[in-house]
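An overview of the molecular structure
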Amino acid sequence: MAFIRKIKKKSGTYLALVESKWENGKPRQHVIKYLGKEINGKPSKRVLTSNIKVKRVTRHLDVEIIDHIAGELRLKDLIPKEILVLVYAQILERPSINKMEEWLNDTDILDILGIKNISTEQLYKAIEDLGDMNFEVIEDGIYNFLKNLDWKKSFVIDITDTYFEGEKVEGEARRGKEGKVKKLIQIGLAITFDYGFPIFHKTYDGNISGKRIFRDMITRLVSMGFEIIIMDRGFYTSKNIDEIEKLGKKMICGVVKEKSLWPVLLGIKKEDIYRKENMVKLKNTTVYIKVISYKNGKLIIVYNPQLEVIRREHYYEHSDNEEIASMLGYSLIYHNTGFDDKEVVKKYFEKDIIERAFKEMKGILNLRPVRLWLRSHIESHIKICYLGYAILAYLQYKIRDENISVVDALSKLSKGYRIELMDNETQFKWETLVELSSIQEKIRDLVYKNT
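In this text, all values refer to a predicted model and were calculated from it rather than measured experimentally.

Conventions adopted
- Residues numbered from 1 in each chain as written.
- Predicted model: local features only at pLDDT ≥ 70, side-chain atom pairs only at ≥ 80, totals over all residues.
- Heavy atoms only, no water.
- Phe/Tyr/Trp six-rings, centres within 6.5 Å; stacked < 30°, edge-to-face > 60°.
- Buried < 20%, exposed > 50% of the residue type's maximum accessible area, 1.4 Å probe, protein only.
- Lys NZ or Arg CZ within 6 Å of the ring centre and 35° of its normal.
- Helix = DSSP H or I, 4+ residues; strand = E, 2+ residues; numbered from the N terminus.
- Pairing = 2+ DSSP bridges.
- Expected span 1.5 Å × (residues − 1).
- Axes fitted to C-alpha atoms, helices over the stretch in contact; angles between N-to-C directions.
- Parallel < 35°, antiparallel > 145°, perpendicular 65-115°, else oblique.
- Left-handed = near helix turned anticlockwise from the far one by under 90°.
- Contact = heavy atoms within 4.5 Å.
- Salt bridge = Lys/Arg side-chain N within 4 Å of Asp/Glu carboxyl O.
- Core = buried A, V, L, I, M, F, W, Y, C linked by side-chain atoms within 4.5 Å.
- pLDDT = per-residue confidence, 0-100.
- Patch = residues over 30% accessible without salt bridge, like charges linked within 9 Å, V, L, I, M, F, W, Y side chains within 5 Å.
- Areas by Shrake-Rupley, 256 points an atom, 1.4 Å probe, with all protein chains shown as cover.
- Polar contact = N/O pair within 3.5 Å; in protein donor to acceptor, adjacent residues only side chain to side chain.
- Arc of directions from axis to C-beta.
- Nonpolar A, V, L, I, M, F, W, Y, C, P; charged D, E, K, R; others polar.

1. Structural notes on the packing of aromatic side chains
Under the definition given, this model contains 14 aromatic pairs. When the centroid spacing of 5.2 Å and the interplanar angle of 85 degrees are considered together, the rings of tyrosine 348 and phenylalanine 349 count as edge-to-face. For tyrosine 348, a relative accessible area of 5% gives the class buried. Members of the aromatic cluster, joined through ring pairs, are Phe145, Tyr195, Phe197, Tyr394 and Tyr397. Between the NZ or CZ atom of lysine 249 and the centre of the ring of phenylalanine 226, over which it lies, the distance is 5.4 Å. In this arrangement the basic side chain of arginine 400 is found over the ring face of tyrosine 397, its NZ or CZ atom lying 3.9 Å from the centre.

2. As for unusual backbone geometry
Negative phi values dominate among residues other than glycine, just as trans dominates among peptide bonds. At tyrosine 195, a residue that is not glycine, the phi angle is positive and equals roughly 75 degrees. Locating tyrosine 195 in the fold gives a position in the loop between strand 8 (181-192) and strand 9 (198-205). Residue lysine 295 is not a glycine yet carries a positive backbone phi of 50 degrees. Within the element layout of this structure, lysine 295 appears in the loop between strand 13 (286-294) and strand 14 (297-303).

3. Remarks on the pairing of strand 15 (residues 330-335)
Among the 6 residues in strand 15, 5 count as buried, and that is most of the element. Across 4 bridges, the pairing between strand 11 (residues 250-255) and strand 15 is antiparallel. From the neighbouring strand, glycine 254 faces strand 15, where its bridge partner is isoleucine 333. Strand direction decides the pairing type here: strand 14 and strand 15, joined by 6 bridges, are antiparallel. Residue pairing across strands places leucine 299 opposite tyrosine 334, the latter belonging to strand 15.

4. Considerations on helix 3 (residues 81-92)
In an α-helix, one turn spans 3.6 residues, which is why side chains three or four residues apart end up on the same side. Between its terminal C-alpha atoms helix 3 stretches 16 Å, which fits the 16 Å expected from 12 residues at 1.5 Å a residue. Burial within helix 3 is extensive, with 10 of its 12 residues counted as buried. Among all positions of helix 3, only Ile83, Leu84, Val85, Leu86, Val87, Tyr88, Ala89, Gln90, Ile91 and Leu92 are buried. Once helix 3 finishes, arginine 94 follows within two positions and takes phi at roughly 65 degrees, a positive value.

5. Here's the deal with the packing of helix 1 (residues 61-72) against helix 18 (residues 438-448)
As a packed pair, helix 1 and helix 18 sit with axes 10 Å apart at the nearest point and diverge in direction by 15 degrees. Comparing their axes, helix 18 and helix 1 come out roughly parallel. The element helix 1 and its partner helix 18 pack so that their crossing is left-handed. Between helix 1, through Leu61, Glu64, Ile65, His68, Ile69 and Glu72, and helix 18, the contact on the second element is made entirely by Gln440, Arg444, Val447 and Tyr448.

6. Here's the deal with the pattern of salt bridges
Counted according to the given criterion, the structure contains 18 salt bridges. Salt-bridge contacts for aspartate 108 lead to arginine 418; the nearest nitrogen and oxygen are separated by 2.7 Å. With aspartate 108 in the loop between helix 4 (97-104) and helix 5 (109-113) and arginine 418 in strand 16 (residues 417-423), this residue pair connects regions lying 310 residues apart in the sequence. You'll find aspartate 108 and arginine 418 in the same group, each marked buried. A salt bridge links lysine 298 to aspartate 341; the shortest N-O distance between them is 3.5 Å. Of the two residues, lysine 298 sits in strand 14 while aspartate 341 sits in helix 14 (residues 341-349), which places them 43 residues apart along the sequence. On the basis of relative accessible area, lysine 298 is assigned to the partly exposed category, the value being 34%. The exposure class of aspartate 341 is buried, given its relative accessible area of 15%. Among the charged side chains, a salt-bridge network with shared partners connects Glu136, Glu139, Asp140 and Arg220.

7. What about the nonpolar core?
Formed by 113 residues in total, the largest nonpolar core has its most connected members in Leu73, Ile229 and Ile391. Looking at which element gives the most residues to this core, the answer is helix 16 (residues 375-398), with 11 residues. Those residues within four positions of isoleucine 229 in sequence are excluded, and the remaining contacts are Phe155, Ile157, Phe214, Ile218, Leu221, Ile244, Lys250, Met251 and Ile252.

8. Comments concerning the confidence of the model for the protein chain
Of all residues in the protein chain, 78% attain a pLDDT of 70 or more, and the chain-wide mean is 83. Low confidence marks residues 368-372, where pLDDT is under 50. Its contacts with residues over four positions away, or in another chain, come to 19 contacts.

9. Here's the deal with a nonpolar patch on the surface
The grouping of Val57, Tyr417 and Val434 at the surface amounts to a nonpolar patch, some 210 Å² of accessible area in total. Secondary-structure assignment places valine 434 in the loop between strand 17 (429-433) and helix 18.

10. Re the environment of arginine 215
Locating arginine 215 in the fold gives a position in helix 8 (residues 210-223). Residues arginine 215 and glutamate 243, spaced 28 residues apart in sequence, show a C-alpha to C-alpha distance of 8.9 Å. Not counting the four nearest positions on each side in its chain, arginine 215 is found in contact with Asn240 and Glu243. At 3.3 Å, the side chain of arginine 215 and the side chain of asparagine 240 are in polar contact.

11. Overview of helix 17 (residues 406-413)
Looking at helix 17, one finds that the buried residues are Val406, Ala409, Leu410 and Leu413. Buried residues of helix 17, viewed axially, fall in a sector of 95 degrees; they line one side.

12. Structural notes on the packing of helix 3 against helix 4
Interhelical geometry of helix 3 versus helix 4 gives an angle of 85 degrees and a closest axis separation of 12 Å. The angle between the axes of helix 3 and helix 4 places the two elements in the roughly perpendicular class. For the pair helix 3 and helix 4, contact is made by Val85, Leu86, Ala89 and Leu92 and by Met100, Trp103 and Leu104, respectively. Taken together, the residues that form the contact of helix 3 with helix 4 break down as 7 nonpolar, no polar and no charged.

Shown next as structure tokens:
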């Protein structure tokens, strides 16, 4: 009867298929075939290097990591696998839908998601299905997970716009922030001040004012129990401030230099504000502040001498109104938080976390421009970018101790491949992963830590 025997040598433990036979009245073992070497308690088949053929090489490690993050965020329970294909592709490469079938063959996306194959028609259907879903349920599902992490309930809200090319989509052409005159969709985004976790987003026509968008967004924010809201002056109106205060909420808000506030600015003496005790050091500049009572809180007058020089030089090329020129270099912030005024200034000007969020959606996730022909497809594309940003934000949170950006982390992980090999002689097939580099191991360990 044949059985497998372990043969221990200095170089390791080897496996052999042996058979017992009686010789001279004693049992002796005869080797039928050597099977290979035992590694980490598991058999490793012995194959001649000259017989090995590489059958397939696929991107694996970056796919594995974003799939794990999506699983933690409960996205696998919230959306169909076909939509996850679009989200993963948007994060990793952003191929066009017409070329995605071919591109997917070079990744482990379908294998990891348990999809045998997917066609272009199915991908388009996934876009349509996403448009038909109640996306608030998905956003709430992500938020319900993220809210249990360690962050203060301070939210930042802002608006960006994105062009679209659809000739079949109604919409007036309008000049956007980049100066181009095209059809626009505006995106209102709410994220956490700490870590930039996404809370929700909404899309609006290009001709809706920021003040109206704010009133629409604040309704949903109230239901989420925020403590402090930080917002740009594009949302500012005296009425909007009054509404937040009636709700008993705290805010830090940029204030428009409207005419009713000109007397305050014109009454400031430079020698009173431009003093060391009024100095606030920011990341890229230094400003000086003066504080007065305003409404139920404080109005912080912020003076930036470097900005004043630049703006005055530009202004004098077109006008010579010294009253207006004297207010250049000033900005206004309102707050009712009870925080130290200098800390409020830092929080407001360091709210660039939302600008980085938009930058990731527009840059890494390729939000702009949107070349889809139907409004529903355009909005679905924005939702795909939102889901991609949720994965990126949580991945950045997981690897925060490594002091590496999520962009660099994905670049490192993209070089982790799965290789399918075959022994030409026996047709035996097996898989192996390219050995992890030290930085890949660190990233992977951080991602899987405490999960």
